[in-house]
Amino acid sequence: MTDELTPAQHAMSSCVGAVLTSVIMSPLDVVKIRLQAQQKPFKVGSCFIYSNGLMDCLCVCSHCHGDANSKNSVSSRIRPWYERPGHFNGTLDAFIKITRTEGVTALWSGLPPTLLMSIPSTVIYFTAYDRIKYRLGYDEHDASTCHVPVAAGILARGDVNFIALCFVFI
């Protein structure tokens with residue numbers, strides 16, 4: 001039996017890693033953004049960074065602000081996760097209050113889009129990285145090839161960015 005993984009095994013292990021990282025990091029990111037939002041509420045058109053543990057995404061606040069006291073207003077019916085009410089005195093307090101007022105599932109409110117973005121890019125990156133690294137002649141016992149992992153990482157990240165860019169324009 002060989003120690004080298006097949007591309008399918010690389011893809012599967014990267015997929016599992018992306019899912020686990022996203023599931024673990026999403027609650028932390030929800031809390032972080034809620035803490036940031038209470039300091040300075042987001043305005044329509046303003047941007048914020050969403051980090052899911054695997055990548056950082058620049059998001060634009062596109063919520064239509066209406067009269068929050070009106071039962072028929074858009075803002076009273078639709079509250080994006082980054083504008084939900086609450087005053088938090090720290091990370092633990094935010095976890096407790098979000099869980100009590102919105103339920104435990106609110107901590108994973110951004111998980112589906114995170115998985116949609118992170119799984120393909122992580123699978124492509126790690127599969128390409130390992131393939132490129134060994135195609136460039138990497139040998140872990142040969143010190144003269146110590147630069148190869150860096151080059152492979154740059155090329156693999158370039159592949160992922162190029163593919164993602166293509167999907168953005170489609």
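In this text, all values refer to a predicted model and were calculated from it rather than measured experimentally.

Enquirer: Sorry if this is basic, but what is going on with the overall build of the protein chain here?
Expert: Within the protein chain one finds 5 helices and 2 strands. Ordering the α and β elements of the protein chain from the N terminus gives α-β-β-α-α-α-α. Split into buried and exposed, the 170 residues of the protein chain put 30% on the buried side. A fraction of 54% describes how many contacts in the protein chain between residues 6 or more apart in sequence connect residues 24 or more apart. Counting every atom, the protein chain has about 11000 Å² of accessible surface; 65% of that belongs to carbon and sulfur.

Enquirer: So what exactly am I meant to see when it comes to the packing of aromatic side chains here?
Expert: We describe a pair of aromatic rings using the distance from one ring centre to the other and the angle between the two ring planes. In this structure the tally under the stated criterion is 3 aromatic pairs. Centroid distance Tyr-125 to Phe-126: 5.0 Å. Interplanar angle 80°. Geometry classified as edge-to-face. Judged by its relative accessible area of 42%, Phe-126 is partly exposed. Among the aromatic residues, those joined into a ring-pair cluster are Tyr-125, Phe-126 and Tyr-129. Just above the ring of Tyr-125 sits the side chain of Arg-157; from NZ or CZ to the centre is 4.3 Å.

Enquirer: Honestly, the side chain of Arg-34 in this entry has me stumped. Any pointers?
Expert: Mapped onto the elements, Arg-34 comes out in helix H1 (residues 7-39). Arg-34 gets classed as buried once you look at its relative accessible area, which sits at 2%. At 3.0 Å, the side chain of Arg-34 and the side chain of Glu-102 are in polar contact.

Enquirer: Help me understand helix H4 (residues 111-135) in this model?
Expert: Side chains three or four residues apart in an α-helix point the same way, a direct result of the helix having 3.6 residues per turn. Helix length check: H4 (25 residues) gives 35 Å between terminal C-alpha atoms against 36 Å at 1.5 Å per residue, within 8%. Just downstream of H4, Gly-137 is the residue with a positive phi angle, here 90°.

Enquirer: How should the pattern of salt bridges be read in this particular structure?
Expert: Proximity of charged atoms lets side chains of opposite charge pair with each other. Under the definition given, this model contains 4 salt bridges. Close ionic contact of Glu-102 with Arg-34 constitutes a salt bridge, the shortest N to O distance being 3.0 Å. Of this pair, Glu-102 sits in helix H3 (residues 91-102) while Arg-34 sits in helix H1, and the two are 68 residues apart along the sequence. For the salt bridge of Asp-93 with Lys-97, the shortest nitrogen-to-oxygen distance reads 3.3 Å. With Asp-93 and Lys-97 both in helix H3 and 4 residues apart, this pair spans about one turn of that helix.

Enquirer: Explanation requested: a nonpolar patch on the surface in the structure shown.
Expert: Together, Met-12, Val-16, Leu-20 and Ile-24 make up an exposed nonpolar region whose accessible area comes to about 400 Å². Inspection of the secondary structure puts Leu-20 in helix H1.

Scoring rules and cut-offs
Starting afresh in each chain, residues are numbered from 1 along the sequence in its written order. For a predicted model such as this one, the threshold for reporting local features is a pLDDT of at least 70, and the threshold for listing and counting side-chain atom pairs is 80 or more; totals across whole chains, interfaces and linings nevertheless cover every residue. Each side-chain value is worked out from all heavy atoms of the structure, with water and hydrogens disregarded. Only DSSP runs of H or I reaching four residues or more are called helices, and only runs of E reaching two or more are called strands; each is numbered from the N terminus. Exposure categories follow from relative accessible area, calculated using a 1.4 Å probe and restricted to protein chains: below 20% of the type maximum is buried, above 50% is exposed, and the middle band is partly exposed. Residue contacts are counted whenever heavy atoms from the two residues lie within 4.5 Å of one another. Working definition of accessibility: Shrake-Rupley area with a 1.4 Å probe, residue cover restricted to the visible protein chains. Note on aromatic pairs: the rings of Phe, Tyr and Trp (six-membered ring only in Trp) are paired at centre separations within 6.5 Å, and the planes decide the class, stacked below 30 degrees, edge-to-face beyond 60, tilted for the rest. A ring has a charge above it when a Lys NZ or an Arg CZ is no more than 6 Å from the ring centre and no more than 35 degrees off the ring normal. Polar contact is defined as a pair of N or O atoms within 3.5 Å, subject to the rule that within protein one atom must be able to donate a hydrogen and the other to accept it, and that residues adjacent in sequence are counted only when both atoms are side-chain atoms. Expected helix span is taken as 1.5 Å per residue step, with the number of steps being one fewer than the number of residues. In the sections that follow, a salt bridge refers to a side-chain nitrogen of Lys or Arg positioned within 4 Å of a carboxyl oxygen of Asp or Glu. The patches described consist of residues with a relative accessible area above 30% and no salt bridge, like charges being joined within 9 Å and nonpolar side chains (Val, Leu, Ile, Met, Phe, Trp, Tyr) within 5 Å.

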